[in-house]
Amino acid sequence: MTDAWDDDPGFDARELRVVKAIADEGSITGAALALGYSQPAVSQQLKRLEQRLGVAIVERVGRSVRLTDAGRILARHAPAVTTALDAAAGELAELRGLRAARVRLVGFPSASPTIVPRLLAVLAEQHPGISLTYVEAEPPEAVEAVREDRTDIALTFSYPGDRDDPHGSSARGLAVHTVGADELLAVLPAGHPAATADVVDVASLAEDDWIAGCPRCRGHLLELCGRAGFAPRIAFETDNFVAVEGLVAQGIGVATLPRMAVESFPQLPGVAVVPLPAGELRRIHTVTARGADRVPAVRATLDALARLIARPADEPGGAASRNPGTPGAAASAR
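Being a predicted model, the structure only gives us computed values, none of them experimental. (Residues numbered from 1 in each chain as written. Predicted model: local features only at pLDDT ≥ 70, side-chain atom pairs only at ≥ 80, totals over all residues. Heavy atoms only, no water.)

### Side note on the pairing of strand 11 (residues 281-289)
Here's step 1: Of all nine residues making up strand 11, eight are buried, and the element is well covered by its neighbours.
Here's step 2: For strand 5 (residues 153-158) and strand 11, the ladder comprises five bridges, and the chain directions are antiparallel. Counted as the bridge partner of Leu155 is Thr286 from strand 11.
Here's step 3: Relative to strand 11, strand 6 (residues 174-189) is paired through nine bridges, and the arrangement is antiparallel. Along strand 11, the bridge assignment pairs Gly180 with Ile284. (Buried < 20%, exposed > 50% of the residue type's maximum accessible area, 1.4 Å probe, protein only. Helix = DSSP H or I, 4+ residues; strand = E, 2+ residues; numbered from the N terminus. Pairing = 2+ DSSP bridges.)

Shown next, in the form of structure tokens:
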């Protein structure tokens, strides 16, 4: 009787990371740089893996290489395997009392000056052994970074009813958790008739020129104005929060921005910030690979993020601290 273990390929986590890095970087040289290995070391690991499996993992195409069908299969499964191994290693480290760990975070632009600095402070105080790296990216790219094992945690947002929500089919198989909400505000020239209102009636802005983000980012604005009975006349398109603020301050147009974005930049004279009707908000999420929260350092970072984002706006250190009805500064809508 044949032993079932005779067919066990005995995968090595380092070899799987090498295959995944080649898929991500497109070359052995790029994979070596990304992993911090020498090129000969990567080539040797590939050779050992191919000998053990009895199939080629890469093939030469001119002066470059590409993964074979076998290599693509390994690259597809590598993130789940390495995440599980990282979780096991983290739990063992926790058991031994070790605390040194690295967590990779990707977040949307308006989180960079608001959430991330406070997160770093909290981790430094409560978990000094955790080293956090941070990259800024929009939600679709952040979700993809989790899927491709280029980050441990993605901090993202979505708007209710958004047909382009990146947490739909693109996040299938990942763990998505809603950790808070960020209300939307109208950003108006200080002399605008609605600038002194307690709450802006969106329909009253139907004749204004609008400043909007890129076509991918303006879905909620179109839906908001559509519910108010009009299509916004978009005269200016920019994702640059400084440009948005300058345009509004000069009376050139109006915009809607999340509170977190408004709070991320100092006040500029000539800009008024007024609440939109209750319920107009975006939801804030964390996205990870399934099982990643079993890694103690990832779990601690997720818990810290959830506490920071869930704190009331009027609490010191909360997600926002300025009265939204007072003149404020426009910032990136994202």
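### A short note on the pattern of salt bridges
A pair can form between side chains of opposite charge whenever their charged atoms are brought close.
Here's step 1: This model, assessed by the stated rule, comprises 15 salt bridges.
Here's step 2: A salt bridge links Arg52 to Glu15; its shortest N-O distance comes to 2.4 Å. With a gap of 37 residues between them, Arg52 in helix 3 (residues 39-53) and Glu15 in helix 1 (residues 13-25) connect regions that are remote in the sequence.
Here's step 3: Judged by its relative accessible area of 6%, Glu15 is buried.
Here's step 4: Taking the shortest distance from any N to any O, the salt bridge between Arg104 and Asp152 comes out at 3.0 Å. In this pair, Arg104 sits in strand 3 (residues 101-107) while Asp152 sits in the loop between helix 6 (139-147) and strand 5, placing the two residues 48 residues apart along the sequence.
Here's step 5: Overall, the relative accessible area of 16% leaves Arg104 in the buried class.
Here's step 6: Under the relative-accessibility criterion, Asp152 is labelled buried at 16%.
Here's step 7: Salt bridges here are not isolated pairs; linked through shared partners, they connect Arg104, Asp149 and Asp152. (Salt bridge = Lys/Arg side-chain N within 4 Å of Asp/Glu carboxyl O.)

### Remarks on unusual backbone geometry
Peptide bonds are trans in most cases, and residues, glycine excluded, mostly fall at negative phi.
Here's step 1: Of note, Asp149 is a non-glycine position whose phi angle comes to about 60°, a positive value.
Here's step 2: Tracing the backbone through its elements, the reader meets Asp149 in the loop between helix 6 and strand 5.
Here's step 3: Exposure remark for Asp149: the relative accessible area of 18% places this residue in the buried category.

### Some points on the environment of Ala278
Here's step 1: Here Ala278 shows up in the loop between strand 10 (271-275) and strand 11.
Here's step 2: Assessed through its relative accessible area of 84%, Ala278 is described here as exposed.
Here's step 3: Sequence separation between Ala278 and Val199 is 79 residues; the distance between their C-alpha atoms is 8.7 Å.

### Brief notes about the packing of helix 5 (residues 115-126) against helix 10 (residues 296-310)
The relative placement of two packed helices comes down to the angle between their axes together with the axis-to-axis distance.
Here's step 1: One way to put it is that helix 5 packs onto helix 10 with a least axis distance of 10 Å and a crossing angle of 125°. Classified by the angle their axes make, helix 5 and helix 10 are oblique. Relative to helix 10, helix 5 is oriented so that their crossing is right-handed. Facing Ile115, Arg118, Leu119, Val122, Leu123 and Gln126 of helix 5, the residues of helix 10 in contact are Thr301, Ala304, Leu305, Arg307, Leu308 and Ile309.
Here's step 2: Among the residues making up the contact of helix 5 with helix 10, the classes are represented as eight nonpolar, two polar and two charged. (Axes fitted to C-alpha atoms, helices over the stretch in contact; angles between N-to-C directions. Parallel < 35°, antiparallel > 145°, perpendicular 65-115°, else oblique. Left-handed = near helix turned anticlockwise from the far one by under 90°. Contact = heavy atoms within 4.5 Å. Nonpolar A, V, L, I, M, F, W, Y, C, P; charged D, E, K, R; others polar.)

### Some thoughts on the packing of aromatic side chains
Here's step 1: Taken as a whole, this structure holds three aromatic pairs when the rule is applied.
Here's step 2: Taken together, a centroid distance of 5.2 Å and an interplanar angle of 90° make the contact between Phe108 and Phe157 edge-to-face. With a gap of 49 residues between them, Phe108 in the loop between strand 3 and helix 5 and Phe157 in strand 5 connect regions that are remote in the sequence. Residues Phe108 and Phe157 agree in their burial class; the two are buried.
Here's step 3: On the numbers, 5.8 Å between centres and 75° between planes, the contact of Phe157 with Tyr159 is edge-to-face. (Phe/Tyr/Trp six-rings, centres within 6.5 Å; stacked < 30°, edge-to-face > 60°.)

### Observations regarding the confidence of the model for the protein
Here's step 1: In the predicted model, the protein carries a mean pLDDT of 82, and 85% of its residues have values of at least 70.
Here's step 2: Confidence drops under pLDDT 50 across residues 1-6; counting only partners more than four residues distant or on other chains, this segment forms zero contacts.
Here's step 3: In this model residues 312-334 is a low-confidence stretch, pLDDT under 50, and it forms 85 contacts with partners more than four residues away in sequence or in other chains. (pLDDT = per-residue confidence, 0-100.)

### As for helix 5
Here's step 1: Along its twelve residues, helix 5 runs 16 Å from first to last C-alpha, staying within 8% of the 16 Å computed at 1.5 Å per residue.
Here's step 2: Listed as buried for helix 5 are Ile115, Val116, Leu119, Val122 and Leu123. Looking down the long axis of helix 5, one finds its buried residues gathered within 120° of arc, a one-sided arrangement. In helix 5, the exposed positions that point more than 90 degrees away from the buried face belong to Ala124 and Glu125.
Here's step 3: Those residues of helix 5 that are buried lie in contact with strand 3, strand 4 (130-136), strand 5, helix 9 (259-262) and helix 10. (Expected span 1.5 Å × (residues − 1). Arc of directions from axis to C-beta.)

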